[in-house]
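Geometric and topological summary
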2 protein chains.
Amino acid sequence: MVRALLTAFAFGFTLAVSVVATAQTTDPLSLWNEGATKQAIIQFVKDVTTEGGSRFVPPAERIAVFDNDGTLWAEQPIYFQLAFALDRVKALASQHPEWQNKEPFASLLKGNLKGALAGGEPATFQIVMATHAGLTTEEFEKIVRDWIATAKHPKTGQPYTEMVYQPMLELLTWLRAHGFKTFIVSGGGIEFMRVFSEQVYGIPPEQVIGSSGKLTFELRDSKPVLVKLPKIDFIDDKAGKPVGIQKHIGRRPLAAFGNSDGDLQMLQWTTAGSGRRFALLVHHTDAEREWVYDRQSSIGRLDKALDEAMARSWTVLDMKRDWKSIFPFEKQ
Amino acid sequence: MVRALLTAFAFGFTLAVSVVATAQTTDPLSLWNEGATKQAIIQFVKDVTTEGGSRFVPPAERIAVFDNDGTLWAEQPIYFQLAFALDRVKALASQHPEWQNKEPFASLLKGNLKGALAGGEPATFQIVMATHAGLTTEEFEKIVRDWIATAKHPKTGQPYTEMVYQPMLELLTWLRAHGFKTFIVSGGGIEFMRVFSEQVYGIPPEQVIGSSGKLTFELRDSKPVLVKLPKIDFIDDKAGKPVGIQKHIGRRPLAAFGNSDGDLQMLQWTTAGSGRRFALLVHHTDAEREWVYDRQSSIGRLDKALDEAMARSWTVLDMKRDWKSIFPFEKQ
């Protein structure tokens, strides 16, 4: 079984999921334990897809949006895109002698991650911009592709693309089988996620929404290129998420899935629509198989959104309780 | 036939096209005269969709982008969105006494369109911003919906949604039948076009790319809304078009269709991709059925792009020569 899975992963996760499903059961959500969470999802999909029902929604309007970090794949001990940026800082350090005396780079290069990130979001953005900007979109794509093919998660030793939540892959596939268009709506970089979103999640680049830097079009040796500029274009987080949804989709989602306060406004916007809507928060409760964190975490903090979920009866997924397995590399 | 057409249009243009096709012939491009233009399109589609062929492209990568004004619908005597904005200026004038002495509004309200637009693009943007901003996205959608349902084109007396090029509707339908995802990439406002793009072109809102103002998310009486701000977010024209394509699609199109210098960079970007690509310019050459304009026109100027099309052997569609009929309301 493990070998079949590994082979299947070489051809993308969607295939892997179908292999699991076929081998074990015909339940399309076979990795979800029976209970209120699974039932809530199934009932929602039944409501909006039952023709002639009072809550039926035509396929064109079946939009489901998913946060990425902490919702589709893990985000501990640091956001994976930050791990990418840190590796880039190391790779580029010899071309930037000035970084030896300039924060946040100086701390980083001394191996002091905590010190480097003490500058908060501005420091993070400085790292991301310094390592992403100046490249053409094609150059950047190649760098991400090479990194994602070789980099390993510091705790599990697995490729980052295996740090995805298998039950969520099942859910994505199952929603699409019911006429949903699935979108990623993430604070992560749009160009970063698009490199692997189609292979890993079955989500094509045009259905990935994320934070972005400004781009400029120019001719280099008569060849048109798009160059990444060191300027923020859009931050797809918190109140930015409904804006990103409007910019890219132009239609309010029926269902939204997130895991942190950064997703609160996306869930508010989704559930404020008329008719049947669905909102779910992933609560990280599994210290053994994943991580435990919520209100106090600096990464993926879930505090205000958890209060609002309880007040509004949004579905709160308990990772430990609701998922039979989490990562594809776990023993089945 | 005319009556059948009119009935069909009430249910959307895609249906109308299929009625025409079924009644007259099985040629899916029945409104295109035989000749080099039609042949070039058919050959391109055949090349990229023939499995096992050296130029085959998988469906996920079959992206076709279309400019809107002058490519899918007419743009004379003024851009239709500008006509909308002018009607809004008149409707809002009583709430803005200061407009009586402030250009470009003063000239506009005196019926002097030429004077109002003498300020060039800044004047146009000022009009658009003044009439679009401050509204929630839902309020704006309703205003556009009401306007498009009632406004009439000054020359033909037809609703603007009938000022569309029927052969292009056929082409959109035919490309989609061959696995293409069709996108609009227009200098026009994204929120404006999305109101009618699905009904008129069969293009859902998430496949419409256009110019946009900034949006802000806020809670009004605890209800989440998105409010249009009087600030430009993105101009999807000229060098902005490849940028818009990258932001929204993240994948280089296989085929691009435009009609003016505003589309030049989109066609450059498209054709610079590897493998088989296709670029087409609509040349407005039909004084009787539509309009004749190119190098000297202030609207839809086609000058540099025409030179480049000839130098690079892009397909130049001659409206008079290549299309059997143009608008749906023409006598068949």
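Since the structure is predicted, the reported quantities are computational estimates derived from the model, not experimental observations.

Right, let's talk about unusual backbone geometry for a bit. Cis geometry marks the peptide bond from Gln76(B) to Pro77(B), where omega comes out at 0°. When you line up the elements, Pro77(B) lands in the loop between β1 (63-66) and α4 (80-92). Of note, the bond from Glu103(B) into Pro104(B) is cis; its omega dihedral lies within 30 degrees of zero at 0°. By the secondary structure assignment, Pro104(B) is in the loop between α4 and α5 (105-109). Despite not being glycine, Lys238(A) has its phi angle at roughly 50°, a positive value. Along the polypeptide, Lys238(A) turns up in the loop between β4 (223-234) and α11 (240-248). Although it is not a glycine, Ser222(B) adopts a positive phi angle of roughly 65°. Locating Ser222(B) in the fold gives a position in the loop between β3 (208-220) and β4 (223-234).

Time to look at the environment of Ser211(A). Residues and elements named next belong to chain A. Along the chain, the position of Ser211 falls in strand β3 (residues 208-220). Note on Ser211: 23 C-beta atoms within 10 Å, which makes it buried. The spacing of Ser211 and Asp233 is 22 residues in sequence and 7.6 Å in space, taken between C-alpha atoms. Beyond its immediate stretch of four places on either side in the chain, Ser211 contacts Gly187, Gly188, Gly189, Ile190, Phe234, Ile235, Asp236 and Asp237.

We now examine the interface of chain B and chain A. Of the residues lining the interface, 26 residues belong to chain B; the matching set on chain A comes to 26 residues. For the side of chain B that touches chain A, the secondary structure elements donating two or more residues are β3, β4, α11 (240-248) and α12 (264-271) of chain B. Of the residues contributing to the side of chain B that touches chain A, the split by class is 14 nonpolar, seven polar and five charged.

Between chain B and chain A, the superposition needs a rotation of 180° and an axial shift of 0.0 Å, giving an RMSD of 0.0 Å. Expressed as an axis order, the relation between the two copies is that of a two-fold axis. No C-alpha of chain B approaches the rotation axis more nearly than that of His248(B), which lies at 3.2 Å.

What counts and what doesn't
- Residues numbered from 1 in each chain as written.
- Chains lettered and ligands numbered in written order.
- Predicted model: local features only at pLDDT ≥ 70, side-chain atom pairs only at ≥ 80, totals over all residues.
- Helix = DSSP H or I, 4+ residues; strand = E, 2+ residues; numbered from the N terminus.
- Buried ≥ 20, exposed ≤ 12 C-beta atoms within 10 Å, placed from the backbone.
- Contact = placed C-beta atoms within 7 Å.
- Nonpolar A, V, L, I, M, F, W, Y, C, P; charged D, E, K, R; others polar.
- Least-squares fit on C-alpha atoms with pLDDT ≥ 70 in both.

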